[in-house]
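Structure assessment
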Amino acid sequence: MPFLVHSKSRDRIKWDKVSDRDLLRAIQAGDEEAFDQLIQRKTGPLMQLAYRIVGDRAEAQDIVQVTFVRVWEKRHAFAERWSPNTWLYRIATNLAIDHLRSRRGRERSTEPVRHHLRQVADSRNRRQLSELHSREVAGIFERLASCLTEKQRLVFLLRGAEGLSSQEVAEIVGCRPSTVRNHLFAARKKLRGELLRLYPEYAVSVTADDDAEGGR
Amino acid sequence: MTCAELRQLAPDSLLASELEPVEHRRAAEHLRECPECRRRAVAADPAVLFLDLPLLEVTAADVTAVRSAVGAMRRARVLENETSRPLSRWWRHAAAAALLAALLLVPGTAPVEHEAGDGSRGIETLIDEGGFLASATEPSSIIENLNRPQARIYQLTEEDLSLVMIVDESLDL
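Keep in mind it's a predicted model, so treat the numbers as computed, not measured. (Residues numbered from 1 in each chain as written. Chains lettered and ligands numbered in written order. Predicted model: local features only at pLDDT ≥ 70, side-chain atom pairs only at ≥ 80, totals over all residues.)

1. Side note on the overall build of chain A
Along chain A, the regular secondary structure elements total 11 helices and zero strands. Overall, chain A shows an N-to-C arrangement of helices and strands of α-α-α-α-α-α-α-α-α-α-α. Sorting the 216 residues of chain A into buried and exposed places 34% on the buried side. Partitioning the intrachain contacts of chain A with sequence separation of at least 6 by distance along the chain shows that 53% fall at a separation of at least 24. (Helix = DSSP H or I, 4+ residues; strand = E, 2+ residues; numbered from the N terminus. Buried ≥ 20, exposed ≤ 12 C-beta atoms within 10 Å, placed from the backbone. Contact = placed C-beta atoms within 7 Å.)

2. Side note on the overall build of chain B
Of regular secondary structure, chain B possesses six helices and six strands. Each helix and strand of chain B, ordered N terminal to C terminal, gives the series α-α-α-α-α-β-β-β-β-α-β-β. Counting every position in chain B, which comprises 173 residues, the buried fraction comes to 17%. Intrachain contacts of chain B at a sequence separation of at least 6 include 45% that bridge at least 24 residues.

3. Points about the packing of helix α3 (residues 32-54) of chain A against helix α4 (residues 57-73) of chain A
Residue and element names in this part refer to chain A. It is the contact of α3 with α4, at a shortest axis distance of 8 Å, that shows an interaxial angle of 135°. When the axis of α3 is compared with that of α4, the two are oblique. Once α3 is placed against α4, the crossing between them reads as right-handed. Contacts between α3 and α4 involve Phe35, Ile39, Thr43, Leu46, Met47, Ala50, Tyr51 and Val54 on the former and, on the latter, Arg57, Glu59, Ala60, Gln61, Ile63, Val64, Thr67, Phe68 and Trp72. (Axes fitted to C-alpha atoms, helices over the stretch in contact; angles between N-to-C directions. Parallel < 35°, antiparallel > 145°, perpendicular 65-115°, else oblique. Left-handed = near helix turned anticlockwise from the far one by under 90°.)

4. Points about the interface of chain A and chain B
The interface of chain A with chain B comprises 40 residues on the first partner and 33 residues on the second. Listing elements by their share of the side of chain A that touches chain B, those giving two or more residues are α3, α4, α7 (134-144), α8 (150-161), α10 (177-198) and α11 (200-215) of chain A. Ranked by the residues each element gives to the side of chain A that touches chain B, the list is headed by α3 of chain A, at nine residues.

5. Remarks on the nonpolar core
Ala50, Val64, Ala92 and Val155 of chain A together with Phe50 of chain B are the most contacted members of the largest nonpolar core, which totals 69 residues. In terms of residue count, the dominant contributor to this core is α3 of chain A (10 residues). If near-sequence neighbours (up to four positions away) are discounted, Val64 of chain A is found in contact with Thr43, Leu46, Met47, Ala50 and Ala92 of chain A together with Val66 of chain B. (Core = buried A, V, L, I, M, F, W, Y, C linked by C-beta atoms within 7 Å.)

6. Regarding helix α2 (residues 21-33) of chain B
All names here are of chain B. Between its terminal C-alpha atoms α2 stretches 19 Å, which fits the 18 Å expected from 13 residues at 1.5 Å a residue. Among the residues of α2, those classed as buried are His24, Ala27, Ala28 and Leu31. With its buried residues spanning 100° around the axis, α2 presents them on a single face. Within α2, the exposed residues directed more than 90 degrees away from the buried face are Val22, Glu29 and Glu33. (Expected span 1.5 Å × (residues − 1). Arc of directions from axis to C-beta.)

7. As for the environment of Ile27 of chain A
Take Ile27 of chain A: it is sitting in helix α2 (residues 20-28). Ignoring sequence-local partners within four residues, the contact set of Ile27 of chain A consists of Ala34, Phe35, Leu38 and Arg75 of chain A.

8. Quick word on the packing of α8 of chain A against helix α9 (residues 166-173) of chain A
All names here are of chain A. Running from N to C, α8 and α9 point in directions that differ by 140°, and their axes come no closer than 10 Å. In terms of their interaxial angle, α8 and α9 are classed as oblique. When the axes of α8 and α9 are compared, the crossing they make is right-handed. The residues of α9 that touch α8, namely those facing Lys151, Leu154, Val155, Leu158 and Arg159, are Ser166, Val169, Ile172 and Val173.

9. Describing the confidence of the model for chain A
Residue and element names in this part refer to chain A. Of all residues in chain A, 72% have pLDDT values of 70 or greater, and the mean over the chain is 78. Ranking the elements of chain A by mean pLDDT puts α11 last, at 50, and α4 first, at 93. Here residues 1-7 scores under 50 on pLDDT; set against residues more than four positions off or in separate chains, the count is zero contacts. Counting contacts from residues 206-216, a segment whose pLDDT is below 50, to residues more than four positions away or on other chains yields five contacts. (pLDDT = per-residue confidence, 0-100.)

10. Some remarks on α10 of chain A
Residues and elements named next belong to chain A. Helix length check: α10 (22 residues) gives 31 Å between terminal C-alpha atoms against 32 Å at 1.5 Å per residue, within 8%. Here α10 has its buried residues at Val180, His183, Leu184, Ala187, Arg188, Leu191 and Leu195. Seen along its axis, α10 keeps its buried residues to an arc of 140°; they face one direction. In α10, the exposed positions that point more than 90 degrees away from the buried face belong to Ser178 and Arg197.

11. Observations concerning the confidence of the model for chain B
Residues and elements named next belong to chain B. Across chain B, the average pLDDT comes to 69, with 50% of residues at or above 70. Looking at the elements of chain B, mean pLDDT is at its lowest for strand β3 (residues 126-127), recorded as 41, and at its highest for helix α4 (residues 60-84), recorded as 85. Counting interchain partners and residues more than four positions distant, the pLDDT-below-50 stretch residues 120-137 has 29 contacts. Taken together, the chains of this predicted complex give a pTM of 0.63 and an interface ipTM of 0.71.

12. Let's talk about the environment of Ile39 of chain A
Position of Ile39 of chain A relative to the elements: it lies in helix α3. Look at Ile39 of chain A and you get buried, because 22 C-beta atoms sit within 10 Å. Residue contacts for Ile39 of chain A: discarding those within four places in its chain leaves Phe68 of chain A together with Val63, Val66, Arg67 and Val70 of chain B.

As structure tokens, then:
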């Protein structure tokens, strides 16, 4: 009876079941199958993250591709003290921020943004803030996020939208958890202020709601 | 997650509370589905609105595209490294030594300066019919004809040997 010496599908099944950390250990040893599995496993979450930072699907995909190339090239720099997700997010986040900076340099005109905002404003006429669709919310966030610093924006996205813990966010952004909380507080305050300044119609409903809550 | 659980979790703002990632996800899902809780949460902190940024749908085709692009980029990097790798110092020294030895060993060898049609000057070494390096002119004529103000000239003359080196001073470090 013949022996199975090598089977790609068998290897794939094996990699399916290993943890992210073991996958990265295998990649450090130069295992291409493990690297392929990492791409399969992490493309979704990394694209999600990059998309939230840069706001464009194609650009997010470019960032993820470069992230994986960087992961392979810097695989020996992965340290055991890192959480695999944190390490990957950190690489992708830095690339996304670099991309945003270079894009800001290229795009000085605000007209496309204004046009988009007009569309958003038209579509949200006479609706409660809490009733906006997520696409509209994303449009508003893009506008308001320009008032945030890079770190405030990152912290808000990682903590608020991605739901990571303060410790994880601190490791990705490269600061202390207490600083993450400060950035988050400042981001919330600025977003709230800008939201009420640029969309004053919502100020009434929020105040009314607050009063109603206070009266209960 | 129920409405009561959510309101107990975050009386002031979901963003301010230190929820575990799993709890955070459940809270966000509940807000997406429950208009009343969403209204209350946004009223307490409008920034909570941005918990519900749209999710990107990543398909198997996206993963395949990323995989092939990463493969292509890695191959390109390897190729780039191979073609741009400078000659090692050892090889450069060996090549220089071999050239110098050839010039020293072959009788009557000397590089000559010539002027090209565009007025630029250069040095050439001719190979005679027998395959030996041979000079077109005598070294002394090279020095006489050289009119570059920024050149240093070195000449080494032995019995059957003439070696002339012309160094452009503008290239000095």
